[in-house]
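# Remarks on the overall topology
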Amino acid sequence: MSWAAILLCGASRSLSIHNVSPTDADKLLAEGGVLLLDVRTQKEFQDGHIPSAHLIPLTDLPRRMTEITDKTQPILVYCGTGTRSAKAARLLYRDGYKDVYNLSGGLRAWAAAQKPIQVQAANGKAASLP
């Protein structure tokens with residue numbers, strides 16, 4: 001049984017937006033096949049993001065949703081604190097994406113849980129923080 005299936009046991013299938021903790025998000029990402037979407041600004045992304053995240057700022061999401069072609073692929077959305085990502089999750093769900101996860105507490109909670117963060121240096125090279 002997949003981690004996503006375990007996570008959803010007992011959850012209503014009529015609602016496909018799931019709030020997950022950093023620990024559960026990390027397990028979901030480790031399973032693979034999940035699109036990790038950062039909805040913060042370019043500057044915030046450069047200052048630090050979860051490794052393998054794709055950046056589509058919340059303000060751009062409505063017109064860039066077509067870049068996310070598989071509406072059945074699980075999507076884990078995050079921002080700085082969880083507020084913008086909750087809005088993004090609702091937008092994605094309303095547009096027909098079937099399996100949307102919101103990182104509760106955002107990058108702040110991810111960092112507090114001592115999960116890896118990647119920083120984009122001014123020269124464009126990436127460095128990871130513990």
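Above this text you will find the structure in question.
Residues numbered from 1 in each chain as written. Predicted model: local features only at pLDDT ≥ 70, side-chain atom pairs only at ≥ 80, totals over all residues. Heavy atoms only, no water.

### Some words on the overall build of the chain
Assigned secondary structure in the chain consists of six helices and seven strands. Along the chain direction, N to C, the helices and strands of the chain fall in the order α-β-α-β-α-β-α-β-α-β-α-β-β. Within the chain, buried positions represent 42% of all 130 residues. Contacts spanning at least 24 positions in sequence make up 66% of the contacts within the chain whose residues lie at least 6 apart. Of the roughly 6,800 Å² of accessible surface on the chain, 54% is carried by carbon and sulfur atoms. (Helix = DSSP H or I, 4+ residues; strand = E, 2+ residues; numbered from the N terminus. Buried < 20%, exposed > 50% of the residue type's maximum accessible area, 1.4 Å probe, protein only. Contact = heavy atoms within 4.5 Å. Areas by Shrake-Rupley, 256 points an atom, 1.4 Å probe, with all protein chains shown as cover.)

### Structural notes on the nonpolar core
Soluble globular proteins: nonpolar side chains tend toward being buried together. Membership of the largest hydrophobic core comes to 17 residues, with the highest contact counts inside it found for L37, L61, I68, I75, V77 and L92. Mapped by element, the contributors of at least two residues to this core are strand 2 (35-38), strand 4 (75-78) and helix 5 (83-94). By residue number, the principal contributor to this core is helix 5, which donates three residues. Residues in contact with I68, not counting those within four places in the same chain, are L35, L37, I56, I75, L92 and Y97. (Core = buried A, V, L, I, M, F, W, Y, C linked by side-chain atoms within 4.5 Å.)

### Quick word on helix 2 (residues 22-31)
Listed as buried for helix 2 are P22, A25 and L28. Projected onto a plane normal to the axis of helix 2, the buried residues spread over an arc of 120° and lie on a single side. (Arc of directions from axis to C-beta.)

### Topic: the pattern of salt bridges
Here the idea is simple: oppositely charged side chains can pair when their charged atoms come close. Tallied over the entire structure, the rule returns eight salt bridges. The shortest N-O distance in the salt bridge between K43 and D47 comes to 2.9 Å. In this pair, K43 and D47 are both assigned in helix 3 (residues 42-47), four residues apart and thus about one turn of the helix distant. Given the relative accessible area of 49%, D47 is considered partly exposed. Of the charged contacts in the structure, one is a salt bridge between E44 and R84, with a shortest N-O distance of 2.9 Å. Of this pair, E44 sits in helix 3 while R84 is found in helix 5, placing the two residues 40 residues apart along the sequence. Classification of E44 by relative accessible area gives partly exposed; the value is 26%. (Salt bridge = Lys/Arg side-chain N within 4 Å of Asp/Glu carboxyl O.)

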